[in-house]
Each structure stands twice: as C-alpha cells, then as structure tokens.
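Single-letter residue listing:
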Amino acid sequence: MKVLMVITSHDLLGNTGRKTGFWLEELAAPYYVFKDSGAEITLASPKGGRPPLDPKSNEPEFRTDLTLRFEADAAAEAQLDKTVRLDSVKQEEFDTLFYPGGHGPMWDLAEDKDSVKLIESFLAAGKTIAVVCHSTGALRHVKTPDGKPLVECKEVTGFTNGEEEEVGLTNVVPFLVEDEMLKLGAVFSKTANWGVHVVSAGQLITGQNPHSSGPAAQTLLAALAKKAKSAA
C-alpha cells in the first residue's frame, strides 16, 4: 500500500513572532501506524525539502514513545529532510492520503490550490482519506463534484474552539476550525478537550487533536482493508 502524507511548509505563528509548523506527534504516530503495517510512505509539502517543526511539539511534555522513535529513526528523518513538492504528486500513484496537523496548515494548506485539487482528486477516484486536528482546516475550499463544500452535511471533527482557547491562540489563527466547519454546513462532532475522537463519514476520516492522530490512521487502515476485502 502506498500512503501520501502531506505536511505544512508554514513556520510563522501569525504576527506573534513565534514559530509554528507541523506537530510532531501528528506525523510520528500515523507514520508508524502505516510503516508497521508494511505501507510505503511518501512525505510531501508545499515547498518540498525539510518542513518546519512546531518547536512546542518537541517539548518534554509533548514527547511520546513514537516521537522519540521517529527522531531516532535515520530513515524517517532522511525522508523528512527531502519531502517532495506538493505540486509534483499525483493521486494515481497512491492508495490513500493523510494530513497531519499543527498550526502551520491553517495558513498554507487551507489556502493551497494544489492541496485542494489533490484532496478532490483522491475523493473523485473513490479513495478514502484522513485529516487530523488543524488540517481539518485544509478542507475549507474542497468541493464535491457538484460544487458544494465537501463537508456540507457531513460529520467531521478537528481542533475545537475550546482547545484553541486553552492554547491561547484563538485570536492568532486566521480562522477557527470548528467555526469554519459549522459555517460550511458540517455537523461538527467533538469530545472533551484533548480526548481521543475520530469520525468516519464515507471517504473522509477526521481526528480531533494530536492524541487522535494515531487512532485516525488506524481507522483509515481498517477502512482500506474493509474496502479491499469487499472488492476481492
């Protein structure tokens, strides 16, 4: 199985002067769900090369066994050093698509035309995809073939208003994931702040926060296995 993981290239946290990027757990946890299942993983980002890590995600309180495993994994680090450019990847070459979060995607992937086209092409090809945390924001401009917002009338989750408030960035981010999904007509589903929560809605799987990233990847793999079985 071939998995494409799309990571942010954006490193500035609004006008705070602080750095942002991708959230390490949200890359590492799904990465090993896929890798340990025998999948072949390709990492992509809008600018290619080494994507920026949100420095906060590597502070002691946010480290996990999987983030430590990733950092000690020379092959994984080499892949991260050389992410392919987003505009060079083709849906036909992959079985599924996964978007880790972090605050970075709110600025670049949410507005990136290549990202929008890529997500639309996977869905049009009947493939199941997953996005987690702030990357649910990357769905804001994605449309169905008949031109409606992808998330309209769909149950989705993502980083909640309550979680954004707890990290003190409500007035820093360009939009709030929860509010944006509601505005687009989605049914926004959530659990308590920082609880594990994954929602499946047809071809779209969404996870609420960093802790939901590994479970979202497992849900995606289970959906792909079920589909393969019914096609056999």
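About the cut-offs
Residues numbered from 1 in each chain as written. Predicted model: local features only at pLDDT ≥ 70, side-chain atom pairs only at ≥ 80, totals over all residues. Heavy atoms only, no water. Core = buried A, V, L, I, M, F, W, Y, C linked by side-chain atoms within 4.5 Å. Buried < 20%, exposed > 50% of the residue type's maximum accessible area, 1.4 Å probe, protein only. Helix = DSSP H or I, 4+ residues; strand = E, 2+ residues; numbered from the N terminus. Contact = heavy atoms within 4.5 Å. Expected span 1.5 Å × (residues − 1). 1 Å grid on protein atoms, 1.4 Å probe; cavity = no way out; pocket = protein on both sides within 12 Å on 5 of 7 lines; lining within 4 Å. Points joined across faces, edges and corners; volume = space filled by probe spheres on them. Nonpolar A, V, L, I, M, F, W, Y, C, P; charged D, E, K, R; others polar. Arc of directions from axis to C-beta. Pairing = 2+ DSSP bridges. Right-handed = clockwise from strand over helix to strand, strands pointing away.

Asker: What should I look at first to understand the nonpolar core in this one?
Answerer: Here is a general trend for soluble globular proteins: nonpolar side chains tend to be buried in one another's company. L4, V6, L97, Y99, L118, I119 and M181 are the most contacted members of the largest nonpolar core, which has 33 residues in total. For this core, the elements supplying multiple residues, two or more each, are β1 (2–6), β4 (96–99), α4 (113–124), β5 (129–132) and α6 (177–183). Those residues in contact with L4, other than ones at most four positions away along the chain, are T42, A44, V89, F94, T96, L97, F98, L118 and F122. Core analysis: the second largest hydrophobic core is formed by 28 residues, L80, V132, C133 and A217 among them.

Asker: It is not clear to me how helix α1 (residues 24–36) should be interpreted in this structure. Could you clarify?
Answerer: Since the α-helix turns once every 3.6 residues, residues separated by three or four places project in the same direction. Taking 1.5 Å of rise per residue, the 13 residues of α1 would be expected to cover 18 Å, and the 18 Å separating its terminal C-alpha atoms lies within 8% of that figure. Counting buried positions along α1 yields eleven of 13 residues, so the element is predominantly enclosed. Of all the positions in α1, only L24, E25, E26, L27, A28, A29, P30, Y31, Y32, V33 and F34 are classed as buried. Positive backbone phi, approximately 95 degrees, marks G38, located one or two places after α1.

Asker: When you look at the layout of surface pockets in this model, what are you seeing that I'm missing?
Answerer: Rolled over the atoms, a probe as big as a water molecule pinpoints where empty space is left. There is about 430 Å³ of room inside the largest pocket. For the largest pocket, the lining is made up of 22 residues, of which W23, K56, F62, H103 and V167 are closest to its centre. Partitioning the lining of the largest pocket into residue classes produces ten nonpolar, five polar and seven charged. Empty space within the second largest pocket amounts to approximately 170 Å³. E120, L123, A124, K143, T144, P145, L150, K154, G202 and Q203 together form the lining of the second largest pocket. Considering only residue class, the lining of the second largest pocket consists of four nonpolar, three polar and three charged.

Asker: I tried to follow helix α7 (residues 213–231) on my own but got confused; where do I start?
Answerer: With 19 residues, α7 extends 27 Å between its outermost C-alpha atoms, agreeing within 8% with the 27 Å of an ideal straight helix rising 1.5 Å per residue. Buried within α7 we find S213, G214, A216, A217, L220, L221 and L224. Each buried residue of α7 lies within a common arc of 160 degrees when the element is viewed along its axis, so the set occupies one face. Facing away from the buried surface of α7 by more than 90 degrees, the exposed residues are K226, K229 and S230.

Asker: How should I be thinking about the pairing of β5 in this particular structure?
Answerer: Taken residue by residue, a regular strand's side chains alternate between the two faces of the sheet. Judged by which residues are buried, β5 turns out to be covered on both faces: I129 and V131 on one side and A130 and V132 on the other are all buried. Summarising the sheet, β4 and β5 pair through three bridges and their orientation is parallel. Counted as the bridge partner of Y99 is V131 from β5. Read as a crossover between parallel neighbours, the route from β4 over α4 to β5 is right-handed. One ladder, built from four bridges, connects β5 with strand β9 (residues 204–207); its direction is parallel.

Asker: Explanation requested: the sheet that holds strand β3 (residues 84–85) in the structure shown.
Answerer: The strands making up a sheet associate through backbone hydrogen bonding, with each pair oriented either parallel or antiparallel. Strand order in the open sheet formed by seven strands is β3-β2-β1-β4-β5-β9-β8, and the pairing between neighbours is mixed. Taken across any chain shown, the strands that pair with only one partner, and hence form the sheet edges, are β3 and β8 (198–201).

Asker: When you look at the environment of G102 in this model, what are you seeing that I'm missing?
Answerer: Considering the arrangement of structural elements, one finds G102 in the loop between β4 and α4. By relative accessible area, G102 is classed as buried at 3%. Counting along the chain gives 76 residues from G102 to E178, while the straight-line C-alpha distance between them is 15 Å. Beyond its immediate sequence surroundings of up to four residues, G102 is in contact with G21, F22, W23, E26 and H134.

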